[in-house]
Amino acid sequence: MRTRAQRIRRRITLGGVVALLLGVVAAVVLSVYVGNRALIAKDQLTAAQTKLTTFKSALGQPNAPSTAALYQQLQANTSKAADQVNDPVWSLYEHIPVLGPNLKAFRQTSDLIDALVRNGVGPLATAADGISVDSLKPKNGAIDIAPLKKLTPAMADIDDAITTADRSAAAIDTKDVAPQLQQPIAKLRSLLDQAAPVTHELRKVMPVLYPALGGNGTRHYLLIFQNNAEERASGGNPASMAMLVVDHGKIKLGRQGNSGDFPTYTVPPFTPSGPGNGDYSKIYTSYLSKHVTNITMTPDFPTTAKYARDMWLNAYGGKVDGVISFDPVALSYLMNATGPVTLADGTKLDSSNAVDFLLSGVYAKYTNPKIQDAVFASAAKSIFDAVTHGQGTPKAYVAQLTPMLQDQRLKMWSVRSDEEKLIMTSPMGTMLPADNTKATTVGVYNNDDSTSKMSYYMDETVDVSTNTCKPTPKYTVTAKVTNTLTLAKAYTLTPYVLAAMSKIPFGGDRQWVQLYGPVGAKLSAVYIDGQKVTWGNNLLPEYNTIYSATGEYIKRPAVQGHMYGRPVGVVSITIPAASTVTVKGVFTGGTDTSKTVAVSHTPKVRPVPVTLTQAKCG
């Protein structure tokens, strides 16, 4: 017979076993409970991923399912997933070794996806419902800008949501997380990293679009057409201009003008001043400010735009809210979207023949400059009509923006400081950045100095060799300018095309070459075909005390100075028919120089091959 003590120990033992068994059962039940919630959450997120793909496909597409309805389905999935993982038992299990970090990461991921959908996708889905990209397409000379006003606040919402999600994703600790969960979290981070810059830019741009298209009142934009057959630093002679009038999305082409409508200014209506313009009179002289045809001699587009605005107002009056610049090559890109157009004289232009006709063929076909100007005006109007009456698709237009911007053929400026600040963050703002932080940029620019249309035959290659191995970096910039015109071909051209100035051989050309170094750098030397340049005091011979700077006989001295915080050297070269002239500049130093080196150059008739060579440091 058991003693009382033995019976008590037996009861305690049985009680411990029962408690243990109950604990095990509870743990199993709770584990099943947590596991079941995890499976439900996973299934909901998988369903949400499918719906999100459908949602993205529906955005901006005609006859697509309602984005608002798709959002409701999507949000139901992500909300249910978040509900499953935000549970006291789940929270308790997050503290268990091995399993806990996985549960915590899963919860954090589910929460951030739900918040992103609710706070970002939701507003966008509501604003974009029923709006297609085609609805923004110009029709009968007008753009429906109401959707832009509707989408602007939604873009701010989704940008905020993506920024928050990006921070949340970065905070998820995946060190002790299973690979099966690490991979989708890494993919989510990557997608957010890709999306963030896009939504940041759209957030900045969207508030500007509606007023820019006349939503808050009529806008007047001066269009300048740069003729690359007579080169200038930023493209070409801006002999043709037109006023673009935009009122609540309705677009019309107003007054058109040409260089003959503008006087030779003894007192220019605009004179650059302020920081960065200290050597303006030395580098550009009065050539730039006297004639409207020379206002593009600088790569600084805000300066060009202010000249264009004030000269237009001086000649015609009215109002100028901004300036937009493009050239025949940009028009040929645009015609990849619009398709062919027919000019007033019956000439059919398309993307394959527009450049050759507008920069060469027109001079062979018409010798009267007034008729030539009329052809240019007809081309601008024909292409404008094609764009504003919906010829081509929005997708095709967007695709053509990339080469226009890469080639620096499309430039803009606004009188409004907030809009101009935004424009200056893009390639449209100007050709040279204000500093070297993103890229150490050097510039090579060409200005025709023969009063001809010979630039059509001028090709160029640019080679930049850098050595950043020492504390003081070195940048060697070599530009080879080639005259592709043969003497035989020269005899077939009209006098209007050929250089008519003295000291230029028949079939040859003369141009200024501007070399800009990095911000804060020094110009060590410049060579023309291997011969070191002697600097004068001014580009104008009458003010230059060193006539032999680049050749006394042509009275075109070389000059160096500083513009926009950069060292600048300007030399004159004469290029005979079928010949090449090489200009080499050496720059040293710089302020906050980036290891990334970039080259800005005059947008020419044909592409300019650029070669970058970095010295290997031992």
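Residues numbered from 1 in each chain as written. Predicted model: local features only at pLDDT ≥ 70, side-chain atom pairs only at ≥ 80, totals over all residues. Heavy atoms only, no water.

**Student:** Sorry if this is basic, but what is going on with the overall build of the chain here?
**Tutor:** Each helix and strand counted, the chain has 15 helices and 18 strands in total. For 618 residues, the compact-globule estimate of 2.2 N^0.38 gives 25 Å, and the C-alpha radius of gyration of the chain, at 33 Å, exceeds that figure by more than 25%. Its C-alpha atoms put the chain at 135 × 65 × 45 Å along the principal axes. Classification of the 618 residues of the chain by burial places 50% in the buried group. (Helix = DSSP H or I, 4+ residues; strand = E, 2+ residues; numbered from the N terminus. Rg over C-alpha atoms; globule rule 2.2 N^0.38 Å. Buried < 20%, exposed > 50% of the residue type's maximum accessible area, 1.4 Å probe, protein only.)

**Student:** Help me out: how do you make sense of the confidence of the model for the chain in this one?
**Tutor:** The predicted coordinates should not be examined in detail at positions where pLDDT is low. Counting all residues, the mean pLDDT for the chain is 89, and 94% of those residues have values of 70 or more. Here helix α1 (residues 4-58) stands out as the element of the chain with the lowest mean pLDDT, 65, in contrast to strand β10 (residues 474-483), whose mean of 98 is the highest. Overall, residues 14-28 carries pLDDT values under 50, and its contacts beyond four positions in sequence, including any with other chains, amount to one contact. (pLDDT = per-residue confidence, 0-100. Contact = heavy atoms within 4.5 Å.)

**Student:** Where do I start with the state of the cysteines in this structure?
**Tutor:** What is meant by a disulfide is a covalent connection between two cysteines, made through their sulfur atoms. Per the counting criterion, the structure on display carries one disulfide. There is a disulfide in this structure between Cys469 and Cys617, and the S-S distance comes to 2.0 Å. Here the disulfide of Cys469 and Cys617 is left-handed, its torsion about the S-S bond being about -95°. Residue Cys469 is located in the loop between β9 (458-467) and β10, and its partner Cys617 is located in the segment after β18 (610-614); the two are separated by 148 residues in the primary sequence. (Disulfide = S-S within 2.5 Å.)

**Student:** Mind showing me how you'd approach the sheet that holds strand β3 (residues 250-258) here?
**Tutor:** Within a beta sheet, neighbouring strands are joined by backbone hydrogen bonds and run either parallel or antiparallel to one another. Reading across the sheet, the five strands line up as β3-β2-β1-β4-β7 and stay open at both edges, with mixed pairing between neighbours. If you trace the sheet from one side to the other, it starts and ends with β3 and β7 (411-414), each paired once. With direction set aside, neighbouring strand axes in the sheet form an average angle of 25°. Note that strand β1 (residues 219-232) and strand β4 (residues 322-326) share five bridges and pair parallel. Among the inter-strand pairings, Leu222 is bridged to a residue of β4, identified as Val323. Where helix α10 (residues 328-338) meets the sheet, it contacts β1 and β4, and its direction lies at approximately 115° from that of β1. Packed on one face of the sheet, helix α12 (residues 369-388) meets β1, β2 (235-247) and β3 and runs near 170° to β3. (Pairing = 2+ DSSP bridges. Axes fitted to C-alpha atoms, helices over the stretch in contact; angles between N-to-C directions.)

**Student:** Any chance you could explain the sheet that holds β10 here in plain terms?
**Tutor:** With mixed pairing, six strands are arranged side by side in an open sheet as β13-β12-β16-β10-β9-β18. Each having just a single partner strand, β13 (531-532) and β18 make up the two edges of the open sheet. Across nine bridges, β10 lies against strand β16 (residues 580-589) in antiparallel orientation. Following the sheet pairing, Ala479 is matched in β16 by Val583.

**Student:** How do you make sense of the side chain of Thr109 when you look at a structure like this?
**Tutor:** Tracing the sequence through the fold places Thr109 in helix α4 (residues 99-128). In contact with Thr109, other than residues within four places in its own chain, are Ile172, Ile185 and Leu188.

**Student:** Looking at this model, I keep getting lost on the pattern of salt bridges. Mind explaining?
**Tutor:** Opposite charge on two side chains permits pairing when their charged atoms draw close. Enumeration over the complete set of coordinates arrives at 21 salt bridges. Where Glu230 meets Lys453, a salt bridge forms, and the shortest distance between an N and an O atom there is 2.8 Å. Taken together, the residues Glu230 in strand β1 and Lys453 in the loop between β8 (440-448) and β9 connect sequence positions 223 residues apart. For Asp407, the salt bridge goes to Arg409, with nearest N and O atoms at 3.3 Å. Classification of Asp407 by relative accessible area gives partly exposed; the value is 25%. (Salt bridge = Lys/Arg side-chain N within 4 Å of Asp/Glu carboxyl O.)

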